[in-house]
Amino acid sequence: MLPGALGPSLARLVLLAAVGIVAAAACGDPYKRTNPYDDKVAFTITVSGPDTLVSSYEHGTYTATTNPVVPDSAIHWKIDGFAGGRNADLVNAAPPLWPQTFTAAMVAVIGTIDTTISINSITTPTYAWRHEGVKYVVLTQRVTHIALRCPDTHACDTLSAGGAWSVWVDGLDALNQKIQALTSATANPPTGTAIATFAARDPSIVAVAPVGIRASNVTALHTGSTWIVATRGTLLDSLQLVVR
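Residues numbered from 1 in each chain as written. Predicted model: local features only at pLDDT ≥ 70, side-chain atom pairs only at ≥ 80, totals over all residues. Heavy atoms only, no water.

Draft legend 1. Here's a closer look at the pairing of strand 14 (residues 235–243). Note: strand 13 (residues 224–232) against strand 14, nine bridges, orientation antiparallel. Bridging from a neighbouring strand, Arg232 pairs with Leu235 of strand 14. In sequence, strand 13 turns back onto strand 14 through a hairpin of two residues, with Gly233 there showing a positive phi of about 60°. (Pairing = 2+ DSSP bridges. Helix = DSSP H or I, 4+ residues; strand = E, 2+ residues; numbered from the N terminus.)

Draft legend 2. Region of the structure containing the packing of aromatic side chains. If you walk through the whole model with that rule in mind, you get zero aromatic pairs. Lying across the ring of Trp98, Arg142 places its NZ or CZ 4.7 Å from the centre. (Phe/Tyr/Trp six-rings, centres within 6.5 Å; stacked < 30°, edge-to-face > 60°. Lys NZ or Arg CZ within 6 Å of the ring centre and 35° of its normal.)

Draft legend 3. Up close: the pattern of salt bridges. Scanning the entire structure with this criterion turns up three salt bridges. We note a salt bridge from Arg149 to Asp170, for which the minimum N-O separation is 2.7 Å. In this pair, Arg149 sits in strand 8 (residues 143–149) while Asp170 sits in strand 9 (residues 164–173), placing the two residues 21 residues apart along the sequence. The shortest N-O distance in the salt bridge between Asp170 and Arg214 comes to 2.4 Å. Taken together, the residues span a long stretch of sequence, with Asp170 in strand 9 and Arg214 in the loop between strand 11 (206–211) and strand 12 (215–220) at a distance of 44 residues. When salt bridges that share partners are traced, they join Arg149, Asp170 and Arg214 into one network. (Salt bridge = Lys/Arg side-chain N within 4 Å of Asp/Glu carboxyl O.)

Draft legend 4. Spatial organisation of the environment of Ser55. Here Ser55 is to be found in the loop between strand 2 (52–53) and strand 3 (58–67). For Ser55, a relative accessible area of 2% puts it in the buried group. For the pair Ser55 and Ala94, spaced 39 residues apart in sequence, the C-alpha separation works out to 9.1 Å. Apart from residues lying up to four places away in sequence, Ser55 is in contact with Asn92, Thr140, Asp173, Ala174 and Leu175. (Buried < 20%, exposed > 50% of the residue type's maximum accessible area, 1.4 Å probe, protein only. Contact = heavy atoms within 4.5 Å.)

Draft legend 5. Just the nonpolar core, in detail. In terms of nonpolar packing, the biggest core is built from 28 residues, with Trp165, Val167 and Val206 touching the most fellow members. Where this core is concerned, the elements lending two or more residues are strand 8, strand 9, strand 10 (197–200), strand 12, strand 13 and strand 14. Counting residues in hydrophobic clusters, the runner-up holds 19 residues, among them Tyr62, Ile75, Trp77 and Leu90. (Core = buried A, V, L, I, M, F, W, Y, C linked by side-chain atoms within 4.5 Å.)

Rendered as structure tokens:
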């Protein structure tokens, strides 16, 4: 055997070791973290759906996608106690009246962790989640139609000078839902966002005094005819007033 040459057994051992190195390189890291229930794993959840819901009882459908992909049954949802599968519906049941808004969080989660919390020395079982994706949704009710009544119909009686009308305004959103902030046809909170502003086209004939957020007292001042106009943004409605 030449000096420095390897024996047959040793040469075979070196060759097998080389093959083993190639095989390990081809298979990748056998200890790489891939379990999505491991909070150390790189895992993302993206929630998609409408940014804003602007009508009462409007539905918004939200979808969660994950990287890496997991079965639908692994995804759960959180919003004010709501839970469901990969797709979730948010119902805008009682939103505040625009320009007031409320922001809700649609949260898709995976991987429950049992834990406890202590409040006032009382320990309560609860749970957390290993991974979550969040989408914030603005909830409001945007009025698209207003209508005046005096006080029950879309017409006002003729009055003598000194008499007074009670004029009310109603509103509907794009789904023809009434304003949720008003619990009845006679509800009229004293403070808050006004449903509409009231004005007389001829203030020498009638005087306008708003009451609460949806009504106005209109006093007959002088013989003649004019209109009272309710305005909300670009929306308006009017009623004719006659003073005899």
